[in-house]
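# Observations on the model geometry
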Amino acid sequence: MPKNKGKGGKNRKRGKNEADDEKRELVFKEDGQEYAQVLRMLGNGRCEALCIDGSKRLCHIRGKMHKKVWIASGDIILVGLRDYQDDKADVILKYQADEARLLKAYGELPDNVRLNEGIAGGMDEEDEYGGADDYLEFEDEDIDKI
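Reading guide: rules and limits
- Residues numbered from 1 in each chain as written.
- Predicted model: local features only at pLDDT ≥ 70, side-chain atom pairs only at ≥ 80, totals over all residues.
- Heavy atoms only, no water.
- Salt bridge = Lys/Arg side-chain N within 4 Å of Asp/Glu carboxyl O.
- Helix = DSSP H or I, 4+ residues; strand = E, 2+ residues; numbered from the N terminus.
- Buried < 20%, exposed > 50% of the residue type's maximum accessible area, 1.4 Å probe, protein only.
- Pairing = 2+ DSSP bridges.
- Axes fitted to C-alpha atoms, helices over the stretch in contact; angles between N-to-C directions.
- Phe/Tyr/Trp six-rings, centres within 6.5 Å; stacked < 30°, edge-to-face > 60°.

### Let's talk about the pattern of salt bridges
Applying the stated criterion across every chain yields a total of seven salt bridges. The partner of Glu99 in a salt bridge is Arg24, and the shortest N-O contact between them spans 2.8 Å. In this pair, Glu99 is assigned in helix α2 (residues 97–105) and Arg24 in the loop between α1 (10–14) and β1 (33–43), connecting sequence segments 75 residues apart. Of the residues examined, Glu99 reaches a relative accessible area of 6% and is grouped as buried. Its salt-bridge partner being Glu34, residue Lys29 comes within 3.3 Å of it at the nearest N-O pair. Judged by relative accessible area, which is 10%, Glu34 ranks as buried.

### Here's the deal with the sheet that holds strand β3 (residues 56–61)
The five strands lie next to each other as β1-β2-β3-β5-β4, forming a closed barrel whose pairing is mixed. Across the sheet, the mean angle from the axis of one strand to that of its neighbour is 50°, orientation sign disregarded. Both β3 and strand β5 (residues 88–94) contribute to a ladder of four bridges, which runs parallel. Within β5, the position partnered with Leu58 by the bridge is Lys88.

### What about the packing of aromatic side chains?
Scanning the entire structure with this criterion turns up two aromatic pairs. Here Phe28 and Tyr106 contribute two aromatic rings whose centre-to-centre distance is 6.0 Å and whose plane-to-plane angle is 55°, an arrangement assigned as tilted. With Phe28 in the loop between α1 and β1 and Tyr106 in the loop between α2 and α3 (125–128), this residue pair connects regions lying 78 residues apart in the sequence. For the ring pair Tyr35 and Tyr95, a centre distance of 6.0 Å and an interplane angle of 55° mean the geometry is tilted. With Tyr35 in strand β1 and Tyr95 in the loop between β5 and α2, this pair connects stretches of sequence that are 60 residues apart. Side by side, Tyr35 and Tyr95 carry an identical accessibility label, which is buried.

Structure follows, in structure tokens:
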């Protein structure tokens, strides 16, 4: 049997979740960066995100965040724009739910961004309050014809 030459196994790679509960300082965008909302995850460390400036970009999750910070559709992220490729960007930071609400309160995010939805731009306000009909109503005469 070969000797173990490594420093540990799977549990060592997982590490400890020490930084989950800590409050961190709110990071605002700088030049060359943009806020975005994840539309869908594509796999292989990539996602499709709708940036606040209105363009849809293919975003690459950087190695420091890969398998450590889980990103889902609807999350607010900070992306670094590329000088040479306008349709691609790199994910720099994922904002937690309370941080995203603070960004919206400070006016960094526009009002049309939905923070609590699974998908960006989910339901309109008419759908939320029953403006759209979810069922069909038949008259008694129509039922007899069927």
